[in-house]
Amino acid sequence: PAPGPLQGKKVLVSAGPTYEDLDPVRFLGNRSSGKMGFAIAAAAAGMGAEVTLVAGPVHLATPAGVQRVDVRSAAQMHQAVFAALPADIYIGAAAVADYTPRQPAVNKIKKSSESLALDLMRTPDILAEVAAQTQALQLVVGFAAETENVAGYARGKLEAKRLDMIVANRVGIADGGFESDSNAMTAYWKDGERAFASAPKTELARQLMQLIVERLQA
Ligand code: C5P
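About the cut-offs
- Residues numbered from 1 in each chain as written.
- Predicted model: local features only at pLDDT ≥ 70, side-chain atom pairs only at ≥ 80, totals over all residues.
- Heavy atoms only, no water.
- Helix = DSSP H or I, 4+ residues; strand = E, 2+ residues; numbered from the N terminus.
- Rg over C-alpha atoms; globule rule 2.2 N^0.38 Å.
- Buried < 20%, exposed > 50% of the residue type's maximum accessible area, 1.4 Å probe, protein only.
- Contact = heavy atoms within 4.5 Å.
- Axes fitted to C-alpha atoms, helices over the stretch in contact; angles between N-to-C directions.
- Parallel < 35°, antiparallel > 145°, perpendicular 65-115°, else oblique.
- Left-handed = near helix turned anticlockwise from the far one by under 90°.
- Nonpolar A, V, L, I, M, F, W, Y, C, P; charged D, E, K, R; others polar.

Where an unreviewed UniProt entry is consulted, the chain appears under the name Coenzyme A biosynthesis bifunctional protein CoaBC, with the organism given as Pseudoxanthomonas dokdonensis.

Shown next as structure tokens:
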């Protein structure tokens with residue numbers, strides 16, 4: 001690892017979407033590109049951390065000095081994250097599917113009836129489970145992509161999932177959010193917050209990692 005403020009620290013990052021298979025040719029996914037999580041992994045490695053990046057299906061190169069584990073579904077991501085623990089810092093930047101087909105079809109679903117209902121079940125909340133670990137991490141950070149009431153929902157998740165920090169950004173706008181190279185976001189913790197002005201995700205990731213280092217020392 002490079003010399004830096006995170007030398008000796010193990011950082012675990014999740015990134016990208018998950019794909020939940022409906023049948024051998026179809027899946028439920030989302031618009032996450034993985035760019036923010038990959039930028040965070042790169043920034044953490046640049047600060048001297050030992051970094052493991054659990055990545056959903058994305059088209060991105062592995063950052064230098066980062067150990068990457070590729071997964072597809074929420075269940076696989078859950079397994080890979082827990083296999084990579086213990087860690088000092090967990091940053092859940094993945095857009096994990098909230099629901100998955102209860103029973104993926106073995107064969108391709110044929111079109112027959114006029115409508116089709118999917119039977120979905122909740123996936124495990126990886127972030128909340130990591131935060132609830134008995135073997136406590138030093139810092140657990142989540143992300144919240146919201147289309148409205150960004151601060152309210154973000155603070156709600158901070159408490160509900162017992163996180164140390166949550167980073168919220170507005171999605172569904174022209175510039176920023178999923179797929180975009182740049183973004184604006186706000187980090188919230190118990191007794192503070194910090195807004196990050198719109199910038200390339202690589203730059204935002206460096207600023208966020210600096211804040212994380214500050215919060216570790218606080
Ligand atoms: O509740 P919501 O899904 O909006 O929270 C987003 C945060 O929770 C993200 O950090 C995401 O990685 C994490 N999450 C998770 N497992 C899930 C759903 C969300 O780790 N099943």
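Let's shift gears to the overall build of the chain. Per the secondary structure count, the chain includes five helices and 12 strands. On C-alpha atoms alone, the chain measures out to a radius of gyration of 18 Å, which is about the 17 Å that the 2.2 N^0.38 rule sets for 218 residues. Dimensions of the chain, computed from C-alpha atoms along their principal axes, come out at roughly 60 × 35 × 35 Å. Across the 218 residues that make up the chain, the buried fraction comes to 45%. Long-range pairs, those at least 24 residues apart, make up 61% of the contacts in the chain with a sequence separation of at least 6.

Across the interface, helix 1 (residues 35-46) lies against helix 5 (residues 201-217) with an axial gap of 8 Å and an inter-helix angle of 55 degrees. Judged by the angle between their axes, helix 1 and helix 5 are oblique. Considering the relative orientation of helix 1 and helix 5, their crossing is right-handed. In contact with Lys35, Met36, Ala39, Ile40, Ala43 and Ala44 of helix 1, helix 5 contributes Lys201, Thr202, Leu204, Ala205, Arg206, Leu208 and Met209. Here the residues of the contact of helix 1 with helix 5 sort into nine nonpolar, one polar and three charged.

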